[in-house]
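Fold and contact review
One letter stands for each residue in the lines below.
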Amino acid sequence: MKNQGHNLALLFLCFFISILCTGCNKRTNKDKVVIPVGDVVGTGSILNLSDYAESIEYIPLETNDSVLISKIDQIAFEDGAIVIKDDYYSCKIFDENGKYRCSLGRLGEGPDEFIAIRRIDLIPGANQLFMEAVPQKYFLYDTEGNLIQHIQYPNYPTDYNAYGVTRLNENIYYADIVSYLNIHYQGMLFRVDSSLSEVVKEFPNYVHREKEDKHSFSGTYEVATTYRFKDNVRTYKAISDTVFTVGPDMEMRAAYIFDFGKYKATPEWMLAKIRNKELNYVYPRGLFESDAFLFLNFFMGNHAPEQYEYIKINPAGQKVKMTNYNVYGVFDKKTGELKLMNQPEKAQLGFKNDLDGGMAFWPNYISSDGKMVSFCNTQDFLDYYETLEDPSPEIKRLATNLSPDSNPIIVIVNLKKK
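This is a predicted model, so every value here is computed, not measured.

**Structural notes on the overall build of the protein**
Within the protein, the secondary structure is distributed over 5 helices and 27 strands. Each of the 418 residues in the protein was classed as buried or not, and the buried ones make up 48%. By sequence separation, contacts in the protein at least 24 residues apart represent 54% of the contacts at least 6 residues apart.

**So, helix α5 (residues 393-400)**
Buried residues of α5: I395, L398 and A399, and no others. For α5, the arc enclosing every buried residue in end-on projection is 95°, short of the 170-degree limit, so these residues lie on one face. Projecting away from the buried face of α5 at angles above 90 degrees are the exposed residues P393 and T400. Buried residues belonging to α5 abut β2 (53-60), α4 (378-387) and β27 (409-415).

**Section: the side chain of S367**
In this fold, S367 is placed in the loop between β25 (365-366) and β26 (371-376). A polar atom in the side chain of S367 sits 2.4 Å from the side chain of D369. Leave out the neighbours within four places in its chain, and S367 touches F77 and E78.

**So, the side chain of D356**
Turning to its location among the elements, D356 is positioned in the loop between β24 (338-340) and β25. With no salt bridge to any partner, buried D356 finds its closest opposite charge in R397, at an N-O distance of 10 Å. Polar side-chain contacts of D356 include one of 2.8 Å to the side chain of Y58. A distance of 3.0 Å separates the side chain of D356 from the backbone nitrogen of G358, its partner in a polar contact. Discounting residues that sit within four places of it in the chain, D356 has contacts with I56, Y58, S392 and I395.

**A few points about unusual backbone geometry**
In this chain, V134 is followed by P135 through a cis amide linkage whose omega measures 0°. Turning to its location among the elements, P135 is positioned in the loop between β8 (128-134) and β9 (137-142). For M250, which is not glycine, the phi dihedral falls at a positive 65°. You can see M250 is positioned in the loop between β17 (242-246) and β18 (252-258). Taking relative accessible area as the criterion, M250 reaches 23% and is therefore assigned partly exposed.

**Looking at the confidence of the model for the protein**
Mean pLDDT over the protein stands at 85; residues scoring 70 or higher make up 85%. Overall, residues 1-31 carries pLDDT values under 50, and its contacts beyond four positions in sequence, including any with other chains, amount to 2 contacts. Scored below 50 in pLDDT, residues 208-219 shows 25 contacts in the model against residues more than four places distant or in partner chains.

**Description of the packing of aromatic side chains**
Scanning the model with the defined rule gives 26 aromatic pairs in all. Ring geometry for Y156 against Y160: centres 5.5 Å apart, planes inclined by 55°, an arrangement best described as tilted. Under the relative-accessibility criterion, Y160 is labelled buried at 7%. Each residue in the set Y52, F293, F295, Y328, F351 and W362 is aromatic and connected to the rest through ring pairs, giving one cluster.

**Thoughts on the nonpolar core**
Note on soluble globular proteins: their nonpolar side chains tend to be buried together. V83, I84, L104, L129, M131 and I410 are the most contacted members of the largest nonpolar core, which has 30 residues in total. Going through the elements one at a time, β3 (72-78), β4 (81-86), β5 (90-95), β7 (116-123), β8, β9 and β27 are the ones with two or more residues in this core. When sequence neighbours within four positions are dropped, the list of residues in contact with L129 reads V83, L104, I120, D121, L122, F139, L140 and Y141. Within the second largest apolar cluster, 29 residues are counted, among which are A292, W362, I395 and V413.

**Digging into the state of the cysteines**
Tallying each qualifying case throughout the model produces 0 disulfides. C102 carries a free sulfur, and the closest cysteine sulfur to it, the one in C91, is 8.3 Å from it.

**Re the sheet that holds β8**
The strand order β7-β8-β9-β10 describes an open sheet built from 4 strands, whose pairing is antiparallel. Every interior strand has two partners, whereas the edge strands, β7 and β10 (147-151), have only one. Direction aside, neighbouring strands of the sheet carry axes that sit 20° apart on average. Pairing geometry for β8 and β9, over 6 bridges, is antiparallel.

**Remarks on the sheet that holds strand β23 (residues 326-332)**
Ordered in space as β19-β20-β23-β24, the 4 strands form an open sheet in which the pairing is antiparallel. Two strands in the sheet have a free side with no partner beyond their single neighbour: β19 (283-289) and β24. Between one strand axis and the next, the sheet turns through 25° on average, direction left out of account. As paired strands, strand β20 (residues 293-299) and β23 are joined by 7 bridges and run antiparallel to one another. Across the sheet, the residue bridging to F293 is D332, located in β23.

**So, the pattern of salt bridges**
Summed over the entire model, instances satisfying the criterion amount to 16 salt bridges. Among the salt bridges present, the one from D86 reaches K92, with a minimum N-O distance of 3.6 Å. Of the charged contacts in the structure, one is a salt bridge between E289 and K333, with a shortest N-O distance of 2.9 Å. On the criterion of sequence distance, the pair formed by E289 in strand β19 and K333 in the loop between β23 and β24 is long-range, its members being 44 residues apart. K333 matches E289 in its accessibility class, with the two residues each being buried. One continuous salt-bridge network, built from bridges that share partners, spans R234, E289 and K333.

Quick notes on the rules
Residues numbered from 1 in each chain as written. Predicted model: local features only at pLDDT ≥ 70, side-chain atom pairs only at ≥ 80, totals over all residues. Heavy atoms only, no water. Helix = DSSP H or I, 4+ residues; strand = E, 2+ residues; numbered from the N terminus. Buried < 20%, exposed > 50% of the residue type's maximum accessible area, 1.4 Å probe, protein only. Contact = heavy atoms within 4.5 Å. Arc of directions from axis to C-beta. Polar contact = N/O pair within 3.5 Å; in protein donor to acceptor, adjacent residues only side chain to side chain. Lys, Arg positive; Asp, Glu negative; His and termini not counted. Salt bridge = Lys/Arg side-chain N within 4 Å of Asp/Glu carboxyl O. pLDDT = per-residue confidence, 0-100. Phe/Tyr/Trp six-rings, centres within 6.5 Å; stacked < 30°, edge-to-face > 60°. Core = buried A, V, L, I, M, F, W, Y, C linked by side-chain atoms within 4.5 Å. Disulfide = S-S within 2.5 Å. Pairing = 2+ DSSP bridges. Axes fitted to C-alpha atoms, helices over the stretch in contact; angles between N-to-C directions.

Right under this line is the structure:
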């Protein structure tokens, strides 16, 4: 009887623990905000595009003597409009078939002119585009190329600069704040009406140094990665371990937290940029977000398992030998799993394109309706085509109608619905 009672008690205890653990797992899985980077450094596998996407299509951009693209610096795709920021001085709009539609703005020093374009923000559902330009000018256009509004920058201390300005709603904009001398704030919201702009909220910077050094590359002079996700604005700086989000209520909260473990860089190093220790740390260099996943680009330094050398042409036109230390990864927002990716082919980063056997794919933009958007130079596409033993009909058709001097090809991948 004693043994039977003991066994029943043990069985009840095991049952109770299992229920407790199940509850814990549900609570843990309910909101997976911690990204376990430190746990997966040194791991990796080739990820197939077909596990995440259902189809791929190629859109060659119209090419003629007046519509030539030298270098795509930023791309966006919403509501049938493809927007290309071509280097720093030109912004062109094409339709969903690649036909040229218009160019935005013009170079100059007049009221509606700019010296350079910093960033574009294509607003879903509005057929409008926000442009951040130099010197500190902001324009709102429609996607037919018409200037809607010249947006005034609010009166703000001159030792701060604003970058990554992103519209939160029709009248409220978020701005990332950077400064050589001051680390007090990381961002602000400002309200825009027809005649003026005013700051309505500031967000404190939570990263502090043990001591200030105004002669070093200090302050918060690191431009954030800022993007819109649904009705929120996300913002992230590598100096922080947190992706913040600002919602319709104009409050800032943590959306995702990177757990770098022993590979985390110190704030002092991130602020002072101590180059001799750079290869020991891991930090994100870019991220894109869909409903189900985060697509992440990590600088891995010495921990990158597949380093390779490549040639880069610097602004002076000189060829410089570089080493790639980047590793891509996919974070599943539902399960909390982070998978690091091996290169499907040497020196090709991204997903193995098993949908049609084309080049490796990695997004440069994710649209509000779940399309991953990227591009490839025509010469690279044609060179890769020559290596294929049995190209798909679509790739073959495209290759036979292109010349090496054609404008880039837009690649659109439709994510699976989860």
